[in-house]
Amino acid sequence: MLDLAWGVNAETLAQNLFAWSIIPYAGFLYFMTKNPDVPPRMLFGWYFLLVFVVASIPAGIAAKLVYHESLSNVDYLHGGAESFLTVTNLLLVLGAKQGLDRYHATPKDLANEEDEA
């Protein structure tokens, strides 16, 4: 394994960066939530990404403890965790479409949308 000059190996560094990345992501979610122009489905997709992260952690631990492999080498655990990422991507695409539809809608369309809600 490669050791960096300050005595931290590459694997430890990657784990620490992954753990600390939640802070800027929480800021991203905060500002997305405060922005009224973000389509609700897209906002839900960004929050759903946390489900993928939470599902990946126990799957990775199980892969190490049971199979002595990384998560990427245990297909059914990896596929199960990645399915949450697929759902996230689907929500983001549908949310983007929702936003584009709203952007291109006429004022009459928007009034009808509010009446239906």
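Scroll up to find the structure this text is about.
**Considering the packing of aromatic side chains**
Note on aromatic pairs: each is described by the distance of the centres and the angle between the planes. Evaluated as defined, the whole model comprises six aromatic pairs. An angle of 80° between the planes, with centres 5.1 Å apart, marks the rings of Tyr30 and Phe31 as edge-to-face. A connected cluster of aromatic rings, assembled from ring pairs, spans Tyr25, Phe28 and Trp46.

**Topic: the nonpolar core**
One finds Ala59, Ala63, Leu71, Val74, Leu77 and Ala81 forming the largest nonpolar core, which totals six residues. Of all the secondary-structure elements, those providing two or more residues to this core are helix H3 (40-67) and helix H4 (75-104). With sequence-adjacent residues up to four places away left out, Ala63 is seen in contact with His68, Glu69, Ser70, Leu71, Val74 and Leu77.

**Topic: H4**
Spanning 30 residues, H4 covers 42 Å between terminal C-alpha atoms, matching the ideal 44 Å at 1.5 Å per step. Buried residues of H4: Leu77, Ala81, Thr88, Leu91, Leu92 and Gly95, and no others. On its buried face, H4 is in contact with H3.

Analysis parameters
- Residues numbered from 1 in each chain as written.
- Predicted model: local features only at pLDDT ≥ 70, side-chain atom pairs only at ≥ 80, totals over all residues.
- Heavy atoms only, no water.
- Phe/Tyr/Trp six-rings, centres within 6.5 Å; stacked < 30°, edge-to-face > 60°.
- Core = buried A, V, L, I, M, F, W, Y, C linked by side-chain atoms within 4.5 Å.
- Buried < 20%, exposed > 50% of the residue type's maximum accessible area, 1.4 Å probe, protein only.
- Helix = DSSP H or I, 4+ residues; strand = E, 2+ residues; numbered from the N terminus.
- Contact = heavy atoms within 4.5 Å.
- Expected span 1.5 Å × (residues − 1).

Nothing here speaks to function; it is all geometry.
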